[in-house]
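Descriptive analysis of the structure
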Amino acid sequence: MNKKFIACGVILASAFLANPTFAQEQAAEKSNNLSVYRATATKVNDLVHTKLDVSFDYAKRYLYGKEWVTLKPHFYPTDSLTLDAQGMDIKTVSLVGAKGNTPLKYVYNDNKLYITLNKTYTNAEKYTVYIAYTAKPDELKVKGSAAITDAKGLYFINPDGTDKNKPTQIWTQGETESSSAWFPTIDKPDQKTTQEISMTVKSKYTTLSNGKLVSQKTNADGTRTDTWKMDLPHSPYLFMMAIGEFKVTKDTYKGKEVNYYLEPKFAPYVKQIFGKTPDMIQFYSNILGVDYPWNKYSQVVVRDYVSGAMENTTATLHGEQIQKTDRELLDGNEEGTIAHELFHQWFGDYVTAESWSNLTMNESFATFGEIIWHGHDAGLDAEDKSRYEKLQSYLGSTKKGESPVLARFYYNDKEDMFDNVSYAKGSIILYALKNQMGDAAFYKSLNRYLTTNAFKNGETHQLRLAMEDVTGKDWNPYFNQWYYNGGHPILSIDYGYENGKAIIKIKQAQDSSVQTFTLPVKIDIYAGGKKIRKEILINSREQNFSFEVSAKPDLIDFDVDKILVGETNDNKTAENYYFQYKNAPSYANRIEALQFIMQSKASSGQQILLEGLEDKSGDLRALSIDGLNLEDAQIKAAALPVLLQLAKSDKDTEVRSAAILKLAETGDQAYKSLMLESLKDRSYKVLAAGIGGLAKLAPQESLSALSALDEDTKEHIAPSVASLYISDPKDEHQAFYENIMLNGDRNKIFGVIGQYFQYLRANTNPAVTEKGINNISNAIERLKLQTYLNKQLAGAYAATAQGKAKQAAAASGDAKANLNKQAELFKKAAVDLEKE
């Protein structure tokens, strides 16, 4: 699963900071409840086959279900069966027999269905139980999490058709244990079952489920019954249904169906969105030595999804952020998400984590899959960029080197497992292991793990055993350090040169509660015009290393392959960084050098930033642009022609945008024509930069240009529009923000909510204030964003209330009354948020 984690905070003088990267993962926080061991679910009975026949009541948001579930005792004989069944009305429970069904006694309590069987069964005997039931997901009281914002399993989207801007759909979300909200089952990841699902729907709707569509029956009442069959076993949380008016585009991989289900208006762009999927399947099949194991692969996009995407077996479900027009795709795609979910078809579906404690066997691998796809598709630099971003994402969620254990058997709630440890940290731990082991041995080990545990469950020990079997080497130390202990090293490194020797002094400075790490590290010493490779082993809190060199080193490149899962703080000089950018140009080394130059503001580093304008990575070209000091006449003269060229023709719209805004910072009216030309660009990102640049050069013209844009374009550049309206807080601009709060997805909300707050603060009409606070509250409730926003907003509202009260004290008449009223509204809003 791909969790869209968006870290954001309110800054009173600016906007919310949003980071819509994968992540959909939570921050890595240590659990406060470490007393309960989270044992793998005990298997009393094993699921064998699940057959469902379902229909839907859109008005009531009900599913009417019939189920035939076949099971057998796991080992010990048993005369009872316990099924998870959340929020249901149970109508009938009976044993299926050759001569008819026999009613069974049952008790339904606390979302559990306790069934007394007709006899004691041994594990050589199968039995089938029939259950008639009604599922009522909208009446189910369940709690989601920061990663999966709801957990009711079955979702009716716009079922009454009252929202003309949203299609009517039904879809499911099973992870972690929510499939039991729409059919009774043993809702644990260590169960595997084949399945058959028949869905009766209105004839105009298209259906999708796991496996193959084996039949379609037209009914006399204007409905159709579609039956989907899955002949290979998988876990209940991977069951899925999607129903709606989708346009299906067909593709293939080795004769297997590869299909894409999109809203009709996005169908023309389907190959630009999903077109690389067959190549991804081929790449993963080749590298793992296990050809795609299922009979089809479909991807569907739905509205109001509760997370990022979900790897249902043979049928991945994506949130609406993935479907884009060709124009939107100019500014980026969701290829990483597509790769992530596809890799799950092997790691998560083919072999499934046996418990949520072992989630790393699903999510760390899928995130690793993203990284290696980027390398295969776009080259090593793209791969290095991807893993650098994973590392920074993980480190940014930790303090003092502390973080939870990767294979985690103690946690507060299973949802806590969906964090930056299971995703980002786990992926780079795998990458580091690949580096130490060698690619051939690593991928052979993955093949051994997959083939040994095919259609079953896996845990970290089984991965280790597969690796030991292949390599003949004991990997216990690596797994003990990275999988069964938490945290990461923080290395304080001091480079020196004495008596013809390069000196490296290293301290492990992580919190004392964090383990002392053993770290094999490669080092390149650049000295006397030569590069010398050395390998060291760090295994204590303090160590010194020295190497004979012919001259004082220009650079010591520590951790050459950049596989250290941790932090480094060193005493490199500006000259070291300049040399590093030019001569040791890994992605991590280049971005580290550029960031140093930007932070140090040293004039000597500006020449490196000029070189950075031609960096092969678009984001580093953009970073170099941001760091340029155009107040330096010499730098300005050299940079302006390059910036103009980048603004006009760079292939990366982020670079073009950065160049446009940088040129606008000069205040030179000569660039106004560039800003105006940018307003005609097909890239929304470039157009937004043009609006922002014009606001700096000709504020009134920017507002006029903004008013001339169509509503669709305004929506696409919403953060830029929202920023401009802060300086022009007229009452009528409320409608712009209100539309986004009512209809925007999570990314759109985060893109403007900080500016909306600032607009409300700048506006002087209490009616606008009251309406705006309600709009924000409704958006937070609609998208379940309380975890992200309530605390930050409460603080912002409280501070604004104080500011308005202070202004009121110095005002008189209507202005005083309005300010006091606004202060009351902001204060009440802050108190209300703090109560939630």
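Preceding this section is the structure that the text describes.
These notes cover the structure that comes with them. Quick caveat: nothing in here was measured; it's all calculated off a predicted structure.

**Considering the side chain of Lys-572**
- When you line up the elements, Lys-572 lands in the loop between β29 (567-570) and α11 (574-583).
- On the accessibility criterion, Lys-572 (12% relative accessible area) is buried.
- At 2.7 Å, the side chain of Lys-572 and the side chain of Gln-580 are in polar contact.
- In this structure, Lys-572 is in contact with Tyr-495, Leu-555, Tyr-577, Gln-580 and Glu-592, ignoring residues within four places of it in sequence.

**Details of helix α25 (residues 786-809)**
- With 24 residues, α25 should reach 34 Å at 1.5 Å per residue; the first-to-last C-alpha distance of 33 Å fits that figure.
- Contact partners of the buried residues in α25: α23 (746-762), α24 (766-783) and α26 (813-835).

**Considering the pattern of salt bridges**
- Across all of its chains, the model carries 43 salt bridges by this definition.
- Note that Glu-665 is salt-bridged to Lys-662, the shortest N-O span being 3.6 Å. Placement of both Glu-665 and Lys-662 in helix α16 (residues 653-665) is noted, with a separation of three residues, approximately one turn of the helix.

**Observations concerning the nonpolar core**
- One finds Leu-463 and Phe-558 to be the most contacted residues of the largest nonpolar core, which totals 88 residues.
- Not counting residues within four places of it along the chain, the set of residues in contact with Leu-463 comprises Met-361, Phe-365, Leu-430, Leu-446, Tyr-449, Phe-479 and Tyr-483.
- Counting 87 residues, the second largest nonpolar core, distinct from the first, contains Leu-646, Val-686, Ala-801 and Ala-830.

**Notes on unusual backbone geometry**
- Following Glu-175, the chain continues into Thr-176 via a peptide bond in cis, with omega recorded as 10°.
- Following the sequence through the fold, Thr-176 ends up in the loop between β10 (169-172) and β11 (193-202).
- Located in the positive-phi region is Arg-61, a residue other than glycine, with phi close to 60°.
- In this structure, Arg-61 sits in the loop between β1 (45-57) and β2 (62-73).
- Here Thr-314, not a glycine, exhibits a phi torsion of approximately 70°, which is positive.
- Tracing the backbone through its elements, the reader meets Thr-314 in the loop between β19 (309-310) and β20 (315-319).

**Side note on the packing of aromatic side chains**
- What the rule picks out here adds up to 50 aromatic pairs.
- Residues Phe-343 and Trp-346 carry aromatic rings whose centres are separated by 6.5 Å and whose planes lie at 45° to one another, so their mutual orientation is tilted. Here Phe-343 and Trp-346 have matching classes, each one buried.
- With a centroid separation of 6.4 Å and 65° between ring planes, the pair formed by Tyr-478 and Phe-479 is classed as edge-to-face.
- Residue classification places Tyr-478 among the buried residues on the basis of a relative accessible area of 7%.
- Here a set of aromatic residues connected by ring pairs shows up, and it is made of Phe-283, Tyr-284, Tyr-292, Tyr-297, Phe-343, Trp-346, Phe-347, Phe-365, Trp-373 and Tyr-449.
- When the ring centre of Trp-68 is taken as origin, the NZ or CZ atom of Lys-51, which lies over that ring, is 5.1 Å away.

Parameters at a glance
- Residues numbered from 1 in each chain as written.
- Predicted model: local features only at pLDDT ≥ 70, side-chain atom pairs only at ≥ 80, totals over all residues.
- Heavy atoms only, no water.
- Helix = DSSP H or I, 4+ residues; strand = E, 2+ residues; numbered from the N terminus.
- Buried < 20%, exposed > 50% of the residue type's maximum accessible area, 1.4 Å probe, protein only.
- Polar contact = N/O pair within 3.5 Å; in protein donor to acceptor, adjacent residues only side chain to side chain.
- Contact = heavy atoms within 4.5 Å.
- Expected span 1.5 Å × (residues − 1).
- Salt bridge = Lys/Arg side-chain N within 4 Å of Asp/Glu carboxyl O.
- Core = buried A, V, L, I, M, F, W, Y, C linked by side-chain atoms within 4.5 Å.
- Phe/Tyr/Trp six-rings, centres within 6.5 Å; stacked < 30°, edge-to-face > 60°.
- Lys NZ or Arg CZ within 6 Å of the ring centre and 35° of its normal.

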